[in-house]
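# Results of the structural survey
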Amino acid sequence: MNRQMLSLVSLILMMPPGLILAGSGYPPAIIAGITEIIFAVAAGIIPSEKGGGFTIFLPFLILAVAMALSQGYLQRLFGISPIVPSIYENTVAFLMVFVVLGIFLSMTSGTSKSMAISFRQSGFDEKEYKSALSSFNSNAAILGFGMLFLSIAAYIAVSLLPELNIGFFPAVIAFGVVYLLIFRAIFSQKRQI
Amino acid sequence: MVKEWSKSLLAMILVGALSGTTAIITTNRFLATSILFVAFTIIALYSLDREGKFSVGAVFPSKAKAEDPIEFTMQARSESGFGFYLVELPLPEAFLLREGSNIHAIFKGFRKGSWKFTFRAAGMRRGTFLLDHVNYTYYPALGVINKKDGKLETGGELEILPKLSIPKLRVKRLKSEQVSPKNSISRTGPISSDFESVREYQAGDSYRNINWKATARNSFSNLMVNQYEREGEKTLIYLLDRSFPMSRGTAEENPLEYGISFIFAHSRALMKENINTGFWTAQSGRGFSSQSVMPSSGIENEYRFRKALLRTEPLASKYVVYQVDPKFFTVVRETRATVLFITSVWKENYEELSRFIRRIRKYSGNVLLVNVLSSGIIMKHILSGIEAFYGKKTALRNSSRFLEELPRIRRVDWDPINEPLGYLVGSVSMVTGI
């Protein structure tokens, strides 16, 4: 996967929340949506050579601010009229994980670009380093998408747990097992380093 | 590179913190997916970010001729780790890349990987070169652990032989205008039944060789013994100058390199004729760590010659003082060898050379100086294309004042740029009679 493809994927991932807001028909949401789209395009098309820069955080920041001013403590405290219509709140909140993935891929694209420059200046064979970078991009994309599905799956699993009604002690045992597994994995990792 | 990845890690932490803050402020549980994504990504990168198990080997021939392209194959294998490997097979300065590259970039992802690289390079000068390791640098994906520089043993040595053919010695034997002593007779081979002379008895001589008639004629004052010729024809010893004037020119083309090429070709031709050949170097400084070969013939001696010549390097010091291993003088005297002193007469060495030649002549009456002219070599590299017009006469005129200072000695001047190696072989053959 080349760097341009990675940027395009990151752009596509960052667009949906903006598109939903822009198509909501509610003026503050349209403004927030269009602003998010503009920043998403900027972040996707021009990834900085220094690994992304501040631009790549802006789509997420716009959405986070819009969400913070639309529901929860701040909105209730100051009585601000919400930016995100209530029917889209959960959808936008859920789609923000795609924006985070877009940021991750955009940063990977920026790193890939800076490494290509470094390889070229060091005199490496162009075909060879491009192949290495392509492999790097593909692996980063696989990792990103893998983690996306894992996080969604984990969220669903956590949401469904109360439905299972497993009781206090089985829950403590399950927690203990999961805790031990994670602890062991991290401990063995530390020993290797 | 590590910095870039560390920035990515910081950025992910920042996004995670922002997601968490937003989730708390908005009380929207769907934002948990963003926090989980960041947490899982960091854990995944952290678990992948460990020191990789990496192995790399290099395959190349053990021998090659100068300027011929040599194929190098590098095979790398990695079983763990997640990041970039930069691999390099360091080539000595005397090598020139012809095709491909000796540095490579690899990315090791989730799966085990093996990579094969091929490139071609040529050794531009003779020598024995150690290509015993491959350097690598591992850049872990996340940069939590620092980059790792490593060196892996490959255990390889590459001999670059001069590119030349062996001249035939006995095709045409011309008679020299210079008067030379009788060919040296070997004193190292097994004793034959051919009578050579009568001489005084020396400790170690066999009683069977005592010539009683000659002893009686001598009034029994000294025991006289018959001396018989030894098998194995003559002995010729090459004495190679390694001093500063021998380095005039480039690393690939200088009097020393031409001198070595000559010795390579000439000695092999002589050994084919069953002539004993030996080799010593004249050097400055204390100790005698230089290469030497005792006079002998046969394939084993050819191998010794090759090894010694490939390991002979010039001396960097401009201060010239000739010293030779004391064994050299003993061997020259014992074997009555013809000494072929290969040098390049110039302002830095002519005075010391005069002294040294006088010393050698005390041990051997059969010394020939091969003067490799360096002016043509220099002209070739300064004004390429006109070296053919810069003939031997001009070169000799330039060094005439130094040559005049030398003691009277048989000398062959060789301009390697305008005269082929065969010319020198013929001239040496004519003068020495070997």
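Residues numbered from 1 in each chain as written. Chains lettered and ligands numbered in written order. Predicted model: local features only at pLDDT ≥ 70, side-chain atom pairs only at ≥ 80, totals over all residues. Heavy atoms only, no water.

## Observations regarding the sheet that holds strand β5 (residues 95-99) of chain B
Residue and element names in this part refer to chain B. Taken in spatial order, the four strands of this open sheet run β1-β3-β7-β5, and their pairing is antiparallel. In the strand order of this sheet, the two ends are held by β1 (54-59) and β5, each with one partner. Taking the axes of each pair of neighbouring strands and ignoring which way they run, one obtains an average angle of 30° across the sheet. Sheet topology places β5 next to strand β7 (residues 113-123); four bridges connect them, and they run antiparallel. Bridging across to β7, E99 finds its partner in R120. (Pairing = 2+ DSSP bridges. Helix = DSSP H or I, 4+ residues; strand = E, 2+ residues; numbered from the N terminus. Axes fitted to C-alpha atoms, helices over the stretch in contact; angles between N-to-C directions.)

## Description of the pattern of salt bridges
Applying the stated criterion across every chain, the model contains 13 salt bridges over all chains. Of the charged contacts in the structure, one is a salt bridge between E126 of chain A and K130 of chain A, with a shortest N-O distance of 2.8 Å. One end of the pair, E126 of chain A, and the other, K130 of chain A, are both in helix α6 (residues 126-164), four residues apart, so they sit about a helical turn from each other. Given a relative accessible area of 47%, K130 of chain A falls into the partly exposed group. The partner of R306 of chain B in a salt bridge is E159 of chain B, and the shortest N-O contact between them spans 3.1 Å. Of this pair, R306 of chain B sits in helix α5 (residues 299-311) while E159 of chain B sits in strand β11 (residues 157-161); the two residues are 147 residues apart in sequence, bridging distant segments of the chain. There is no split in this pair, since R306 of chain B and E159 of chain B are both buried. Each of R125, R126, E257 and E313 of chain B takes part in a single network of salt bridges with overlapping partners. (Salt bridge = Lys/Arg side-chain N within 4 Å of Asp/Glu carboxyl O. Buried < 20%, exposed > 50% of the residue type's maximum accessible area, 1.4 Å probe, protein only.)

## Digging into the interface of chain A and chain B
Residue-level contacts link 52 residues of chain A with 47 residues of chain B. Here chain A meets chain B over a buried area of about 4,400 Å², counting both sides, of which 75% is carbon and sulfur. Summed over the shared surface of chain A and chain B, the result is zero salt bridges. Run the count over chain A and chain B and you get seven residue pairs in polar contact (both at pLDDT 80 or more). Secondary structure elements with two or more residues in the side of chain A that touches chain B: α3 (58-68), α4 (73-78), α5 (86-122), α6 and α7 (168-192) of chain A. (Contact = heavy atoms within 4.5 Å. Buried area = accessible area lost by both parts, 1.4 Å probe. Polar contact = N/O pair within 3.5 Å; in protein donor to acceptor, adjacent residues only side chain to side chain.)

## Quick word on the sheet that holds strand β16 (residues 293-296) of chain B
Residues and elements named next belong to chain B. In space, the six strands of this open sheet follow the order β16-β15-β14-β17-β18-β19, with mixed pairing throughout. Both edges of this open sheet fall to β16 and β19 (410-414), since each of them pairs with a single strand only. This sheet shows a mean twist of 20° between the axes of neighbouring strands, independent of strand direction. Bridge count between strand β15 (residues 276-282) and β16: two bridges; the pairing is antiparallel. Looking across to β16, one finds that F279 is bridged to V293. Sheet contacts for helix α7 (residues 350-361): β14 (235-241), β15, β17 (338-343) and β18 (367-372); angle to β17, the most-contacted strand, approximately 170°.

## Points about unusual backbone geometry
Residues and elements named next belong to chain B. Positive phi is not limited to glycine here, since E67 has a value of about 75°. As for its placement among the helices and strands, E67 is situated in the loop between β2 (63-65) and β3 (69-78). Notably, R336 is not glycine yet its phi reads approximately 50°, a positive angle. The residue R336 is located in the loop between α6 (326-335) and β17 in this model.

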